[in-house]
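So you can see what is in the structure, the chains are spelled out below.
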Amino acid sequence: MKGEPAQTGWERYTQGPLLGLAVLFAVAYAVPVVKPDAGEQVRQLCLVVEWVVWGAFAVDYAVRLVRAPDRLVFVRSNPLALLALALPLVQPLRLLRLVATLLLVGQRARMASQVRLTTYVAGSVVGLLMFGSLAVLEVERGSPDGNIKNLGDAVWWSFTTMTTVGYGDHAPTTGLGRILAVGLMLSGIALLGVVTANIAAWFIARFERDDAEERRQTEAITALTAEVRALRAELAELRQAVAVPPPSADAPAASTSGQP
């Protein structure tokens, strides 16, 4: 749009493509986990896609930093984005690239004004369920004491963990798996709180609108009643002003003969 800041324009135009790349990353991350017997070429292709997506988000961060009016303020206001970009470089694990991409997608989704809270929460729930399932399956499948051995078990565990039900029929046994479980529990509680607060705010806003409408109608009725009373008073005054008083009974009758 004409006259908008350079940073805002860049974020608006790159929102869709970056979310599309995030979906591509999800596919590239899921294929080796769901199909562990996939060929080496498929694994290498997925690895390249993951790094390309991470690189695209890195370029996006750099461009936004350059276009920001105050670069220091931009860095301070986007610490998670900077951390997400640094995580895969510190330890190039696929799981860290997963966490980094989730953080980056969340940062860009929050910046987009057209993304509503409900859509964001629904997308977060689906994303956490999917990535939590894939991540725990990746780290738990090789554990000798683990009981999460296939995608169905992983999805069931993620769902019961996010909803804080915790049946206990499936549970992580590795340290990394338990860290994932803690993160998924906290995320589920946070999302449940957001949903509850959103519903409560909707009801409160609805009640406030109803109360305001009721007050408006009451004020209108009161004003109309006062106006009707004023009109009645004016009408009574007009009637008194134009009314002719009747002749008095003591007045002498008019002479018809002309005699005094």
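Further up the page is the structure itself.
Residues numbered from 1 in each chain as written. Predicted model: local features only at pLDDT ≥ 70, side-chain atom pairs only at ≥ 80, totals over all residues. Heavy atoms only, no water.

Here the focus is the pattern of salt bridges. In this structure the tally under the stated criterion is three salt bridges. Here D210 ties to R206 by a salt bridge, and the two come within 3.8 Å at their closest N and O atoms. With a gap of four residues between them, D210 and R206 both fall in helix 8 (residues 175-242), about one helical turn apart. (Salt bridge = Lys/Arg side-chain N within 4 Å of Asp/Glu carboxyl O. Helix = DSSP H or I, 4+ residues; strand = E, 2+ residues; numbered from the N terminus.)

The next subject is the side chain of S143. Mapping S143 onto the fold places it in the loop between helix 6 (117-140) and helix 7 (151-162). Given the relative accessible area of 10%, S143 is considered buried. Reaching out from S143, the side chain makes a polar contact with the side chain of T173 at a distance of 3.0 Å. Leaving out residues up to four positions away in the same chain, S143 has contacts with K149, T173 and T174. (Buried < 20%, exposed > 50% of the residue type's maximum accessible area, 1.4 Å probe, protein only. Polar contact = N/O pair within 3.5 Å; in protein donor to acceptor, adjacent residues only side chain to side chain. Contact = heavy atoms within 4.5 Å.)

As a rule of thumb, soluble globular proteins bury nonpolar side chains together. Core analysis: the biggest nonpolar cluster contains 33 residues, and Y29, V136, W157 and M162 have the highest contact counts within it. Among the secondary structure elements, those contributing two or more residues to this core are helix 1 (6-34), helix 2 (40-67), helix 4 (79-90), helix 6, helix 7 and helix 8. With eight residues, helix 6 is the largest single contributor of residues to this core. (Core = buried A, V, L, I, M, F, W, Y, C linked by side-chain atoms within 4.5 Å.)

It is worth spelling out helix 7 at this point. The terminal C-alpha atoms of helix 7, which comprises 12 residues, lie 16 Å apart, in line with the 16 Å expected from a rise of 1.5 Å per residue. Taken together, the buried positions of helix 7 are occupied by D153, A154, W157, S158, T160, T161 and M162. Among the residues of helix 7, the N-terminal cap falls to N150, whose side-chain oxygen and the backbone nitrogen of G152 are separated by 3.2 Å. Downstream of helix 7 by one or two residues, T164 has phi in the positive range, about 60°. (Expected span 1.5 Å × (residues − 1).)

In short, the description is geometric, and any link to function would need to be established separately.
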